[in-house]
Amino acid sequence: MKVLADFLRPQKLDDVVGQEHLIGENKILTNLVKSKKIFSMIFYGKPGIGKTSIAHALSAELGIRTKFLNATINKKEDFDVAIDEAKFYGDLILVVDEIHRMNKDKQDLLLPYIENGTIILIGLTTINPYHKINPAIRSRSQIFELHELGAEDIVKVLERATKELEDIKIDNKTLSYIASLSDGDVRSALNLLEISYYSATDHEVSIESVKSINSKPAFFHDKNEDGHYDVLSALQKSIRGSDVDATLHYIARLIEVGDLDSIYRRLSVIAYEDIGLANPGIGPRLDAAINAAERVGLPEARIPIAAIAIEMALSPKSNSAYLALDNALNDIHKGLSGSIPKHIKNGSPDYKYPHNYKNDWVEQEYLPEKLKGTKYYQPKNNLVENNLNRIYKEMRDEK
């Protein structure tokens, strides 16, 4: 049985919703169709935003023989068949879904035919191609990022779909509600509309009937791919930027998929990278919160996580500690190390033991001669570091 999402797949670019940066008057894909030209290209972006639909529309409008394969499912023999077809017909559009998973054998097989134009490759991926796709494939393809769809785009597609569902009864509020659940994924929205339609005896689709099927937003979160790292990046930047509400939003997304481990790891990094010496007690408090969360498990684990995440977002920030260490590492990488001063070598009789002096401090050189006077640590202007710096200066003044 053909599903609604496939039945409604656009047959021309004008039917594609969104992607106005690529489709429309004087936009690149529209102009290529007008010129009856097509080149190898890679489309990347979130699921359900039109990658396959654009490939279908380009194929239909240009009238070029097209073959659809999946880099994960289809074997090398399937790619051999595509090459034979391309040779026989003179050219072929080969659409490869999940192209980031294409192994080296398949890539090596296709490369000469992509290079000479016998095969026009259209790769589809949810992964940034600069991270995952072989440079040889990338260099022979134009790369286009597809933008996320807004709720109004999803509603447009749903309105088209209602014309294909006989005797459907649905109002605009319900269409908007379905769109809100999709997180910009057209396919997800159409699938939800279709199951809601067929599960209702009188084909009446309401917000209540949709809720009985799916009441959770279907946001994009793949633990092993870009979507996952985008959420973690957004979480760290929200805490770094002291935006407590955004922090809670991204924590909620990770909790919704039960990814406590990623929360623990990323918060541990943030505690020392972004808060650091401005609030040195945050590390132990974070460890205590993680221990509590681990002990009680979900759903209660969200309680200590919420408390520590809010504290971290509202805490003063400083990256001075790790920047200081990076400065020292940079000198070592440049070969700037030198010999350890003799008086602080193991067993040296010339070493001055600081605890034998006033304020547990005595003037002596600790850095190698060639680094004498080097200042790696540059304190930030916050209460804790100002106090540490004041104590340090007072000790030096007492020499």
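Because the structure is predicted, anything quoted here is derived from the model rather than measured.

A. Spotlight on the packing of aromatic side chains. Tallying each qualifying case throughout the model produces three aromatic pairs. Ring geometry for F88 against Y89: centres 5.0 Å apart, planes inclined by 85 degrees, an arrangement best described as edge-to-face.

B. Examining helix 5 (residues 104–115) more closely. Over its 12 residues, helix 5 extends 16 Å from the first C-alpha to the last, a length consistent with the 16 Å expected when each residue adds 1.5 Å. If you check which residues of helix 5 are buried, you get K106, Q107, L109, L110, L111 and I114. In this structure, the buried side of helix 5 is in contact with helix 4 (76–89), strand 3 (92–97), strand 4 (119–125) and helix 7 (135–139). Where helix 5 begins, the side chain of N103 points an oxygen toward the backbone nitrogen of D105, at a separation of 3.3 Å. After helix 5 finishes, the residue G117 shows a positive phi value of roughly 85 degrees.

C. Region of interest: the pairing of strand 1 (residues 41–44). Side chains M41 and F43 of strand 1 all project onto a buried face; the interleaved residues I42 and Y44 project onto the opposite face, where all are buried too. Inspection of the sheet shows strand 1 paired to strand 4 by four bridges, in the parallel sense. Bridge pairing links F43 to L124 in strand 4. In this sheet, strand 5 (residues 142–145) lies alongside strand 1 in parallel orientation, the contact comprising four bridges. In the sheet register, F43 faces strand 5, and the bridge partner there is F144.

D. Broad picture of the pattern of salt bridges. A full pass over the atoms with the stated rule returns 10 salt bridges. Of the charged contacts, one joins E148 and K46 as a salt bridge, the two residues approaching to 3.5 Å between their closest N and O atoms. With E148 in the loop between strand 5 and helix 8 (151–162) and K46 in the loop between strand 1 and helix 3 (51–62), this residue pair connects regions lying 102 residues apart in the sequence. Assessed through its relative accessible area of 58%, E148 is described here as exposed. Here D274 and R240 are joined by a salt bridge, their closest N and O atoms 2.7 Å apart. Here D274, found in helix 14 (residues 260–275), pairs with R240, found in helix 12 (residues 226–240); they are 34 residues apart in sequence, far enough to count as distant. Classification of D274 as buried rests on a relative accessible area of 7%. By relative accessible area, R240 is classed as partly exposed at 37%.

Criteria and cut-off values
Residues numbered from 1 in each chain as written. Predicted model: local features only at pLDDT ≥ 70, side-chain atom pairs only at ≥ 80, totals over all residues. Heavy atoms only, no water. Phe/Tyr/Trp six-rings, centres within 6.5 Å; stacked < 30°, edge-to-face > 60°. Helix = DSSP H or I, 4+ residues; strand = E, 2+ residues; numbered from the N terminus. Expected span 1.5 Å × (residues − 1). Buried < 20%, exposed > 50% of the residue type's maximum accessible area, 1.4 Å probe, protein only. Contact = heavy atoms within 4.5 Å. Polar contact = N/O pair within 3.5 Å; in protein donor to acceptor, adjacent residues only side chain to side chain. Pairing = 2+ DSSP bridges. Salt bridge = Lys/Arg side-chain N within 4 Å of Asp/Glu carboxyl O.

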